[in-house]
Amino acid sequence: MSDKEEKFNPFEMAQSQFDLAAQYLDIDDGIKAKLRLPKRELTVNFPVRMDDGSLRMFTGHRVQYDITRGPAKGGIRYHPDVTLDEVRALAMWMTWKCAVVNIPYGGAKGGVVCNPKEMSDGELERLTRRFTSEIIMFISPESDIPAPDVNTTSQTMAWIMDTYSMTKGHSIPAVVTGKPVEIGGSLGRREATGRGVMFAAREAAHHLGVDLGEARVAVQGFGNVGSIGAELIQNELGSRIIAVSDSRGGITNPAGLDLSAVRQHKRETGSVVGYPEADTITNEELLELECEILVPAALEEVIHADNADRIRTRIISEGANGPTTPEADAILYDKGVFVVPDILANAGGVTVSYFEWVQDLQSFFWEEDEVNKNLEQIMVNSFADVLAVAQERNVNMRTAAYILAIGRVATATQLRGVYP
Ligand code: GLU
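Going along each chain's sequence as written, the residues are numbered from 1 onward. Only residues with pLDDT of 70 or above have their local features reported here, since the model is predicted, and side-chain atom pairs are shown and tallied only from 80 upward, although totals for entire chains, interfaces and linings are computed over all residues. The side-chain values count all of the structure's non-hydrogen atoms but skip hydrogen atoms and water molecules.

Peer 1: With reference to specific residues and values, describe the sheet that holds strand β13 (residues 338–340).
Peer 2: What makes two strands pair is DSSP finding at least two bridges between them. A run of DSSP states H or I qualifies as a helix once it reaches four residues; a run of E qualifies as a strand once it reaches two. Both are numbered from the N-terminal end. Judged by pairing direction, the sheet is mixed, and its 7 strands sit side by side in the order β10-β9-β8-β7-β11-β12-β13 without closing on themselves. Single-partner strands in this sheet number two, and they are β10 (279–281) and β13. Within the sheet, the average angular offset between the axes of one strand and its neighbour, ignoring direction, is 20°. Relative to strand β11 (residues 293–296), strand β7 (residues 216–220) runs parallel, the two sharing 4 bridges. From the neighbouring strand, Gln220 faces β11, where its bridge partner is Pro296. In this analysis, axes come from line fits to C-alpha atoms, helices being fitted only over the stretch in contact, and the angle between any two N-to-C directions falls in the range 0 to 180 degrees.

Right, here's the structure in full:
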């Protein structure tokens, strides 16, 4: 393990972001202490039958961070590096994310320590069904609603919905969001996080007077968020995507990349690397390219004290959760880089998850245009609300988003009062 990995604790990072913003809020110290900690945590160890007939043990977590404003909400990720502290951090970020866009949810997150890239579909299905049954007392449409995250898909959500429904004896689509449209998913949900990242970049560019037609864009991560975000930024904003990457490395072409050809190459070879019409770069080099818009859409802590000074962009629209450390935030602010923080920039996903849940509860489904229009309105209004706090308090956009979000959760907590 490298030095950086040893030092890095995402939950401590989330708490220090909280502490920074909480100073600006006139809230009771006891309530602050409550909001710094997760409400409930469940860790499960469970066996899965592998294709070779052996049994393998897996560990998973589900953390419900806060449920004051509504049911706990947040994705489930499958990744070999999942830890309880990472899931805690992600659940805390979900709490602020739902509050900043003002949807009636608390925050949660789940994770299973596994490497889905080395597992068959059958193994992943058995893992998903068993994990669901291990956390079944924790989830429901009223209490805690999972969704996709890193390495989980609409198919994963279909298995969760089916396992939960089979146990209860009838179909309960509202227990998860991000499902296939055919079984109660929402039109526009698959694209929603990338679409929100695009709106965040657009609003930032308008605020700063950056010409989107001339803008160069670098995107780290070519999964659901990065690939769709890149495509929408190119097609709807008219900007030029000069670099993309995935976990194996990156590619760059200053003249702009043909994204459908890049996607085709990834489908055929498993990676964007090796795409013929571009030069190969590392993920680290991608972050340091000269551009107007940078979209980190992979994992946590990629922009840190050691590389923040070398970042050469005007705008960062955070598709990933937690890509920028607090030390890097301070350096970027001093350099004049405008960061649209994760809890705002990538809130499009959970916003359309909320629409999906509402549609499931009502068994009444919306047109895609309606979904996108409502999403745009929420993103544009939330961006303006956060920007107003940033200007009024003279703080960066992250601290402003936290001030707004923590304030909303603290008010709800105060109004409900402390039981008993
Ligand atoms: N995993 C996504 C996120 O980090 C979506 C969560 C959801 O839709 O509940 O925001």
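More follows now that the structure is in view.
Peer 1: If you had to explain the site of the ligand to someone new, which residues and values would you point to?
Peer 2: In the vicinity of the ligand lie 14 residues, with Lys73, Lys97, Pro148, Asp149 and Ser353 positioned nearest. The definition of a polar contact used here is a pair of N or O atoms within 3.5 Å, where within protein one atom must be able to donate a hydrogen and the other to accept one, and adjacent residues in sequence count solely through side-chain atom pairs. Lys97 has a polar side-chain atom sitting 2.6 Å from an oxygen atom of the ligand. Look at the ligand: alone it shows 290 Å² of surface, and the protein chains cover 95% of it. Among the secondary structure elements, those contributing two or more residues to the shell around the ligand are α4 (84–100) and α13 (348–362). Per-element accounting of the shell around the ligand gives the leading share, 3 residues, to α13. Counted by class, the shell around the ligand contains 4 nonpolar, 5 polar and 5 charged residues. Throughout, the term near means that a residue has one or more heavy atoms lying within 4 Å of the molecule or strand in question. Throughout, the Shrake-Rupley method with a 1.4 Å probe supplies accessible areas, and for residues the shown protein chains are the sole cover considered. Each residue receives one of three labels: charged for Asp, Glu, Lys and Arg, nonpolar for Ala, Val, Leu, Ile, Met, Phe, Trp, Tyr, Cys and Pro, and polar for the others, Gly being one of them.

Peer 1: A description of the pairing of strand β5 (residues 107–113) should follow, citing residues and the corresponding values.
Peer 2: If a strand is regular, its side chains alternate between the two faces of the sheet. Burial runs high along β5: 6 of the 7 residues are buried. Sheet topology note: the strand β2 (residues 55–66)/β5 ladder contains 6 bridges and is antiparallel. Across the sheet, the residue bridging to His61 is Gly111, located in β5. Direction of pairing for strand β4 (residues 76–79) relative to β5: parallel, over a ladder of 4 bridges. Within β5, the residue paired with Tyr78 across the bridge is Val112. Working definition: with a 1.4 Å probe on protein chains only, accessible area under 20% of the residue-type maximum means buried, over 50% means exposed, and in between means partly exposed.

Peer 1: Describe the sheet that holds strand β1 (residues 40–49), with residues and values.
Peer 2: An order of β1-β2-β5-β4 is seen for the 4 strands of this open sheet, with the pairing classed as mixed. Each edge of the open sheet is held by one strand with a lone partner, namely β1 and β4. Within the sheet, the average angular offset between the axes of one strand and its neighbour, ignoring direction, is 20°.

Peer 1: Now, about the pattern of salt bridges: what can you tell me, with residues and values included?
Peer 2: Criterion for a salt bridge: a side-chain nitrogen of Lys or Arg within 4 Å of a carboxyl oxygen of Asp or Glu. Taken as a whole and judged by the stated rule, the model has 28 salt bridges. Taking the shortest distance from any N to any O, the salt bridge between Arg130 and Glu134 comes out at 2.8 Å. Of the two residues, Arg130 and Glu134 are both situated in helix α5 (residues 121–134); the distance of 4 residues between them amounts to about one turn of the helix. One salt-bridge network, held together by shared partners, links Arg77, Glu86, Lys109, Asp149 and Glu300.

Peer 1: Go over unusual backbone geometry, please, and point to the residues and values.
Peer 2: Here the bond from Tyr419 into Pro420 is cis, since omega is 5°, no more than 30 degrees from zero. Here Pro420 lies in the segment after α15 (397–416). Of note, the phi angle at Asn151 is positive, near 65°, even though the residue is not glycine. Looking at where Asn151 falls in the secondary structure, it is placed in the loop between β6 (144–145) and α6 (154–168). By relative accessible area, Asn151 is classed as partly exposed at 33%. Look at Glu301: it is not a glycine, yet its phi comes out positive at around 50°.

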